[in-house]
Amino acid sequence: MDIKFNNRDPVYVQVIRQFKEQIATGYFEPGQEIPSRRELANQLKINPNTAQRAYKEMEEQGLIFTEGNLPSRITRDVQMLKIVREELILEAVDTFVHSVRSINVPVHEALDLVKNTYERENN
């Protein structure tokens, strides 16, 4: 796992977002074992307490689960996985809409640009 951290958001929030993106893209599969908190901290060169906070938050959100002393795993809850994907899509759409509205781009023009760019990226 490789994250380019920004200075705007707390590191643990950025770690959670990275996990969500990897869940949404299928990099992590339902029930897949994930690195331990200490391993993640070493991989990302972050404080172990930050890794712990990210894991705690992801457990509270239902993204991961830990049974006893076993390694943490990605949720098997298909509905939760769907919600993660939709959340990321809506976030991207909201950012886009805010950006194009701020420069008064008509919706039909914005949609045409999105469609053309999306199709060009797939080729």
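Here the structure is a predicted model, which means the values were calculated and not measured.

(A) Just the environment of serine 36, in detail. One can find serine 36 in the loop between α1 (11-24) and α2 (37-44). Note: C-alpha distance between serine 36 and glutamine 52 (16 residues apart in sequence) is 9.3 Å.

(B) Inspection of the packing of aromatic side chains at higher detail. Under the definition given, this model contains three aromatic pairs. Note on phenylalanine 19 and tyrosine 55: the rings are 5.9 Å apart at their centroids and 85° apart in plane angle, and the pair reads as edge-to-face. Of this pair, phenylalanine 19 sits in helix α1 while tyrosine 55 sits in helix α3 (residues 48-61); the two residues are 36 residues apart in sequence, bridging distant segments of the chain. A centroid spacing of 5.2 Å and a plane angle of 70° characterise the contact between tyrosine 27 and phenylalanine 28, whose relative ring orientation is edge-to-face.

(C) Spotlight on unusual backbone geometry. A positive phi is found at lysine 45, a non-glycine position, where the angle reads about 55°. Residue asparagine 104 is not a glycine yet carries a positive backbone phi of 55°. Examined against the element boundaries, asparagine 104 turns out to sit in the loop between α4 (78-102) and α5 (107-122).

(D) Molecular detail of the pattern of salt bridges. Inspection of every chain in the model, using the stated rule, returns seven salt bridges. Among the ionic pairs, lysine 20 bridges to glutamate 87, the shortest N-O distance being 2.6 Å. One end of the pair, lysine 20, is in helix α1; the other, glutamate 87, is in helix α4, with 67 residues separating them in the sequence. Looking at lysine 20, the relative accessible area reads 11%, which means it is buried. Residue glutamate 33 pairs with arginine 73 through a salt bridge whose shortest N-O separation is 3.7 Å. A residue pair is termed long-range when its members are at least 10 positions apart, and glutamate 33 in the loop between α1 and α2 and arginine 73 in strand β2 (residues 73-74) qualify at 40 residues. On the basis of relative accessible area, glutamate 33 is assigned to the partly exposed category, the value being 43%. A residue is classified by how much of its surface remains accessible, and arginine 73, at 26% relative accessible area, is partly exposed. Counted as one network, the salt bridges with shared partners bring together Arg17, Glu21 and Glu91.

Parameters and conventions
Residues numbered from 1 in each chain as written. Predicted model: local features only at pLDDT ≥ 70, side-chain atom pairs only at ≥ 80, totals over all residues. Heavy atoms only, no water. Helix = DSSP H or I, 4+ residues; strand = E, 2+ residues; numbered from the N terminus. Phe/Tyr/Trp six-rings, centres within 6.5 Å; stacked < 30°, edge-to-face > 60°. Salt bridge = Lys/Arg side-chain N within 4 Å of Asp/Glu carboxyl O. Buried < 20%, exposed > 50% of the residue type's maximum accessible area, 1.4 Å probe, protein only.

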